[in-house]
Amino acid sequence: MDRRSEPNRSAIYATTLVAFLAIAGIAVVDPILPAIGEAIGVTAWQVELLFTAYIAVMAVGMIPATLASGKFGFKPVLITGVSVVGVAAILASFSNDIVQLSVLRGVWGLGNAMFFATAMVVLVNLANDREWVVGLFETALGLGFAVGPLIGGLLGEVSWRLPFFVCGVFMVLALAVASRKLREPANKQAPVRLGAIFSTYRKPAFVTLCVVTAAYNFVFFVVLGYTPLYLHLDVIPLGLAFTGWGLGLAAGILLIGHRLAHRIGAVQTVGVAVAGLLVCMVLFATSTGTAMSLVVLVLAGLFMGLANANLTDLALGLGSSDRRVATGAFNLVRWGAAAPAPIISGKLAEHSLALPFWVGFGVLSVGVLVYLAFAHVMAAGYGERVLWSRWNSAARRNEHAPEEPVGEAY
């Protein structure tokens with residue numbers, strides 16, 4: 001499609017820019033975690049509060065943010081979220097103890113919840129070419145995860161406070177762009193009911209996806225939250241290490257994830273991703289040195305990219321026909337399961353540096369078992385089939401009678 005046929009290009013680009021900065025803000029903390037712990041004199045699990053507070057508030061905040069978007073509109077909620085993130089990030093740069101930092105990271109998470117509960121829906125409703133706008137959004141996320149650690153490493157070499165401050169300034173600039181360029185979609189959305197969000201969990205295919213995603217996201221934040229402490233690298237090398245991870249993630253999302261899904265299906269691509277990540281957990285736990293750990297880190301990023309490229313598609317296809325409801329229900333599970341991972345990893349590391357990875361292996365194994373048992377249910381609901389369904393008569397029956405027709409992924 002000719003991009004000139006997109007009348008809302010400036011609004012789309014503005015929203016995408018804010019998405020990039022929001023994701024970079026998540027990843028910017030990775031390289032400076034050890035420096036923060038050393039500077040303010042706290043243990044590993046206390047440093048991990050920065051991640052857990054952020055993710056927990058973000059998970060809980062998804063529901064009221066979704067409800068608010070239905071009542072007040074997308075643009076006010078999105079701009080409020082960007083403002084909250086900017087203020088919280090700047091204030092965090094002046095914090096003096098772990099409690100202040102954790103509270104502000106929690107506020108930061110609330111702001112990001114407001115943004116992520118609305119951004120994708122805004123983009124899809126503003127664009128004529130949905131495939132293009134989804135690719136643009138995914139590119140922003142992949143690049144954010146790649147660039148965030150590099151920014152954190154370079155600025156963190158000067159001071160651990162500087163990445164927080166610069167991230168806040170970036171969000172203020174993004175706010176200036178967003179307030180001028182963002183537009184409310186023309187089609188007015190009906191208010192979202194809380195009951196509609198929770199009724200989505202009655203769908204067996206959606207619940208299966210949520211269980212697999214919960215196990216996967218727990219491991220995602222074992223890697224993202226704990227590995228910076230596990231590697232014992234200085235700030236800049238750690239930033240470069242997680243830039244490599246982010247590039248692996250971006251490659252999985254942008255270069256491989258959707259192409260593989262077109263060949264073997266989105267459900268089976270997620271299976272490849274979680275199986276590969278399961279192997280990475282064993283390799284992390286048995287690593288013989290830093291070089292091996294760095295290779296595994298990039299490889300884990302690649303498999304995570306395969307998963308991230310397809311999980312939201314599946315959630316929107318298997319959940320409610322109202323994208324806001326499906327997104328709210330899915331993100332509550334996705335981020336809620338991730339929240340305890342960093343702090344649990346920090347406590348486990350006091351007993352053994354490899355133990356967080358073995359626990360991650362155990363949690364993800366549950367997800368893999370659920371996937372193997374019920375992937376055919378997801379595939380049937382999404383209009384696909386899995387390889388082993390030919391051996392499963394129940395799966396064949398489900399394929400001919402899915403629980404509901406599948407709409408567009410976005």
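Residues numbered from 1 in each chain as written. Predicted model: local features only at pLDDT ≥ 70, side-chain atom pairs only at ≥ 80, totals over all residues. Heavy atoms only, no water.

When helices and strands are tallied, the protein shows 18 helices and zero strands. In terms of C-alpha radius of gyration, the protein reaches 20 Å, essentially the compact-globule figure of 22 Å for 410 residues. Across its three principal axes, the protein shows a C-alpha extent of roughly 60 × 50 × 40 Å. Residue burial in the protein is summarised as follows: out of 410 residues, 57% are buried. Accessible surface for the protein amounts to roughly 15700 Å². Of this, 67% is attributable to carbon and sulfur atoms. (Helix = DSSP H or I, 4+ residues; strand = E, 2+ residues; numbered from the N terminus. Rg over C-alpha atoms; globule rule 2.2 N^0.38 Å. Buried < 20%, exposed > 50% of the residue type's maximum accessible area, 1.4 Å probe, protein only. Areas by Shrake-Rupley, 256 points an atom, 1.4 Å probe, with all protein chains shown as cover.)

Let us look at helix 9 (residues 161–181). When the terminal C-alpha atoms of helix 9 are compared, their 31 Å separation across 21 residues agrees well with the 30 Å that a helix rising 1.5 Å per residue should span. Those residues of helix 9 lying buried are Pro163, Phe164, Cys167, Gly168, Met171, Ala174 and Ala178. Viewed along the axis of helix 9, the buried residues span an arc of 130°, placing them on a single side of the element. Among the exposed residues of helix 9, those oriented more than 90 degrees off its buried face are Leu173 and Arg180. (Expected span 1.5 Å × (residues − 1). Arc of directions from axis to C-beta.)

Below, the discussion takes up the packing of aromatic side chains. Tallied over the entire structure, the rule returns 15 aromatic pairs. Measuring from centroid to centroid gives 4.7 Å for Phe284 and Phe357, while their planes differ by 10°, and the two rings are stacked. Here Phe284, found in helix 13 (residues 266–285), pairs with Phe357, found in helix 17 (residues 355–382); they are 73 residues apart in sequence, far enough to count as distant. Taking the relative accessible area as the measure of exposure, Phe284 reaches 0% and is therefore buried. Put simply, the rings of Tyr216, Phe220, Phe221, Phe242, Trp245 and Trp335 pair up and form one aromatic cluster. (Phe/Tyr/Trp six-rings, centres within 6.5 Å; stacked < 30°, edge-to-face > 60°.)

Further remarks concern the confidence of the model for the protein. When pLDDT is averaged along the protein, the result is 84; 91% of the residues meet or exceed 70. At the level of individual helices and strands, the protein shows its lowest average pLDDT in helix 18 (residues 393–400), which scores 49, and its highest in helix 13, which scores 96. Every residue in residues 399–410 is under pLDDT 50, and counting partners more than four places away or in other chains gives 34 contacts. (pLDDT = per-residue confidence, 0-100. Contact = heavy atoms within 4.5 Å.)

Looking now at helix 5 (residues 74–92). Residues spaced three or four apart along an α-helix face the same direction, because each turn holds 3.6 residues. Taking 1.5 Å as the rise per residue, helix 5 with 19 residues should run 27 Å; its terminal C-alpha atoms sit 27 Å apart, in good agreement. Listed in full, the buried residues belonging to helix 5 are Phe74, Val77, Leu78, Ile79, Gly81, Val82, Val85, Gly86, Ala88, Ala89 and Ala92. Where the residues of helix 5 are buried, they touch helix 1 (9–27), helix 4 (49–72), helix 6 (98–116), helix 7 (119–126), helix 9 and helix 15 (323–338).

The subject of this paragraph is a nonpolar patch on the surface. Taken together, Phe94, Phe165, Val169, Phe170 and Leu173 make up a surface patch of nonpolar side chains, about 450 Å² in accessible area. You can see Phe170 is positioned in helix 9. (Patch = residues over 30% accessible without salt bridge, like charges linked within 9 Å, V, L, I, M, F, W, Y side chains within 5 Å. Salt bridge = Lys/Arg side-chain N within 4 Å of Asp/Glu carboxyl O.)

Another point: the packing of helix 1 against helix 7. When two helices pack together, you describe them by how their axes are tilted relative to each other and by the distance separating the axes. Helix 7 packs onto helix 1 with a crossing angle of 160° between their chain directions and a minimal axis gap of 10 Å. Between helix 1 and helix 7, the interaxial angle falls into the category roughly antiparallel. Pair helix 1 / helix 7 crosses with left-handed handedness. Across the interface between the two elements, Ala11, Ile12, Thr15 and Thr16 of helix 1 pack against Ala119, Val122, Leu123 and Leu126 of helix 7. Grouping the amino acids of the contact of helix 1 with helix 7 by side-chain chemistry returns six nonpolar, two polar and no charged. (Axes fitted to C-alpha atoms, helices over the stretch in contact; angles between N-to-C directions. Parallel < 35°, antiparallel > 145°, perpendicular 65-115°, else oblique. Left-handed = near helix turned anticlockwise from the far one by under 90°. Nonpolar A, V, L, I, M, F, W, Y, C, P; charged D, E, K, R; others polar.)

The subject of this paragraph is the pattern of salt bridges. A full pass over the atoms with the stated rule returns one salt bridge. In this structure, the salt-bridge partner of Glu350 is Lys347, at a minimum N-O distance of 3.7 Å. Residue Glu350 is classed as partly exposed on the basis of its relative accessible area of 46%.

One non-glycine residue with positive phi stands out, namely His232, at about 55°. By the secondary structure assignment, His232 is in the loop between helix 11 (204–231) and helix 12 (235–264).

Okay, the side chain of Ser287 next. Checked against the element boundaries, Ser287 lands in the loop between helix 13 and helix 14 (290–318). Of the residues examined, Ser287 reaches a relative accessible area of 18% and is grouped as buried. Polar side-chain contacts of Ser287 include one of 2.7 Å to the side chain of Ser293. Other than its neighbours up to four places away in sequence, Ser287 contacts Tyr230, Met292 and Ser293. (Polar contact = N/O pair within 3.5 Å; in protein donor to acceptor, adjacent residues only side chain to side chain.)

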